[in-house]
Amino acid sequence: MSPRLIFTAFWTIVVKEIRRFTRIWVQTLLPPAITMTLYFIIFGNLIGSRIGEMGGFDYMQYIAPGLIMMSVITNSYGNVVSSFFGTKFQRNIEELLVAPVPNWVILAGYVTGGAARGLGVGIIVTALSLFFTNLHISHIWITLSTVILTAIVFSLGGFINAVYANSFDDIAIIPTFVLTPLTYLGGVFYSISLLPAFWQGVSQLNPILYMVNSFRYGILGVSDINIGFAFAMIIMFIVVLGSYAMHLLNTGKGIRS
Amino acid sequence: MTPALKIEGLRKTYKNGFEALKGISLDVQEGDFFALLGPNGAGKSTTLGIVSSLVNKSSGEVKVFGYDLDTEKALAKMQLGVVPQEFNFNAFEKVQDIVVTQAGYYGIGRKQALERSETYLKKLGLWEKRNVAARQLSGGMKRRLMIARALVHEPRLLILDEPTAGVDIELRRSMWQFLREINAQGTTIILTTHYLEEAESLCRNIAIIDKGHIVENTNMKSLLQRLNIETFIFDLAEDVTELPELPGYSLRLTDAHTLEVDVDKQKGLNQVFSGLTEQGIHVLSMRNKSNRLEELFVSLVENSLDKEGAA
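This report concerns the structure included in the present document. The model shown is predicted, which means the values in this text are computed figures rather than measured ones.

Concerning the overall build of chain A
Summing up its helical and strand segments, chain A has 11 helices and 2 strands in all. Taken from N to C terminus, the helices and strands of chain A fall in the order α-α-α-β-β-α-α-α-α-α-α-α-α. Computed over its C-alpha atoms, the radius of gyration of chain A comes to 19 Å, within 12% of the 18 Å expected for a compact globule of 257 residues. Seen through its C-alpha atoms, chain A measures out along the principal axes to roughly 60 × 35 × 35 Å. Here chain A holds 257 residues, and the buried ones make up 48% of them. Intrachain contacts of chain A at a sequence separation of at least 6 include 83% that bridge at least 24 residues.

Structural notes on the pairing of strand E3 (residues 33–37) of chain B
Residues and elements named next belong to chain B. Within E3, 5 of the 5 residues are buried, which leaves it mostly tucked inside the rest of the structure. Residues of E3 alternate between two faces, with Phe-33, Ala-35 and Leu-37 on one and Phe-34 and Leu-36 on the opposite face, all of them buried. The sheet contact formed by E3 and strand E8 (residues 188–192) spans 4 bridges and is parallel. Following the sheet pairing, Leu-36 is matched in E8 by Thr-192. Bridging between E3 and strand E9 (residues 205–210) involves 4 bridges; their strand directions are parallel. Paired with Ala-35 across the strands is Ile-206, a residue of E9.

A few points about the interface of chain B and chain A
Facing 26 residues of chain B, the contacting portion of chain A comprises 21 residues. If you list the elements that add at least two residues to the side of chain B that touches chain A, you get helix H2 (73–78), strand E6 (80–83) and helix H3 (95–105) of chain B. Looking at the side of chain B that touches chain A residue by residue, the class counts come to 13 nonpolar, 10 polar and 3 charged.

Remarks on the pairing of strand E4 (residues 59–64) of chain B
Looking along a regular strand, one sees the side chains alternate between the two faces of the sheet. Residues and elements named next belong to chain B. Bridge count between strand E1 (residues 5–13) and E4: 5 bridges; the pairing is antiparallel. From the neighbouring strand, Lys-6 faces E4, where its bridge partner is Lys-63. Where E4 meets strand E5 (residues 67–68), 2 bridges bridge the pair, whose relative direction is antiparallel. What sits directly across from Val-64, in E5, is Tyr-67. The antiparallel pairing of E4 with E5 creates a hairpin that spans 2 residues between the two strands, and Phe-65 there sits at a positive phi of about 50°.

What counts and what doesn't
Residues numbered from 1 in each chain as written. Chains lettered and ligands numbered in written order. Predicted model: local features only at pLDDT ≥ 70, side-chain atom pairs only at ≥ 80, totals over all residues. Helix = DSSP H or I, 4+ residues; strand = E, 2+ residues; numbered from the N terminus. Rg over C-alpha atoms; globule rule 2.2 N^0.38 Å. Buried ≥ 20, exposed ≤ 12 C-beta atoms within 10 Å, placed from the backbone. Contact = placed C-beta atoms within 7 Å. Pairing = 2+ DSSP bridges. Nonpolar A, V, L, I, M, F, W, Y, C, P; charged D, E, K, R; others polar.

Structure (structure tokens):
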């Protein structure tokens, strides 16, 4: 296929994905807006006012970047895992498999669709956060690149989960038992400097810690970890997950008999 | 001339050890209307699944208009349109969106995709339903939607896996007419069906597959010529109490005014009519007792079973 045909196929997948999550906006865009508003009210306003400062900022300001990142992570992942599994479940994955769409374009299309929802929800949550606190972005490019790369990482994760999933239960297990705990323990609500040295070390095994801190550095200018290292980790996750997702597509795992 | 589809030594063994295809070879010429028949589990859908890139082959070679499915995958896929056996579209998408999206997968820009979707949805009587979610369509409409979707990139080879399953007679006839038209315009068609009348009516060439082997691959005419005896049913004008005698023919009375006659193709029907007329029996109408292809199909599949049993 020529580059123009490939781009048309890629853009078709992206538009289809965006059309899907905007068509069901009550399930995709509204819930994170409500949940994050509750986080801001309960953790930020009610409890946060008693906590005082964290990392040199009032608690609401400190958790806002983490909450934005949390919504980006869960929505990027959730979009691809549910959309690609639904495509498998309804067998309309066959529409793509019979067509001359290269596997990398299929992956890129779904990941871009997932990132689009993650970033869209991120913008909504950022706008909501401005009702509760002031956010001044310290490093715009670090902020944008972190949020985009993170959305890509979790879209890839959602894709791999969907390839292996055989039932709707299978697409709920990872978000519930892996993603949510890692997000909560990834420095969204606290600085890992508050933890004993051992648990600080354990926390550094959590990939979400690097993303949350990198994003927080972009907005507030403070981080628990080295930003260069954080970026290297995020890019490594993209390479590893992307390569594995391509391997699954090339072998037809879960989609070809 | 390069065949529209060339299959050589195609084998498929599933992970559970089931050997669905045992080295089949098949050529379908450009412009043909070709039937691939076989009982359930014979390997029809596996064959078409491999050609459509939905099933991984174990070994063998598949070429679509000369393009190798292994080494020139994109070019091979561009030539192919596939109408699967089961509905496989997003039931929540609108009818026109499904067709336009499929065009996009083939690199067709949105403007052209919209034009083509209008053309094919109109041809298949779905234009009025273009803004309806696919789940709201009737079964027949869903089948036609899958045909429109398969044609939107204007493939040279159209594969239909039981396209008229569950479709009422009127709609089936109109779909046959539509398929004849696109075949006449140059699209090669490969069809699987359980309605042998459908294959007999539409197809010029035929392959019968059973237990992973091609047991017959010939043209429809010569296949049907192999049937030496046909059974005809005569509806009689008056009741008959005694079985008439016609030397050289086997006759049965199923009731007082219905006569079944086995006719050898070498003898023809003239002697039957003259013999009955001589005996004062008047025939009101006549019809074939059963589908001829069906008889042949059953005998070929039974032979294949016998051979397997003997081996």
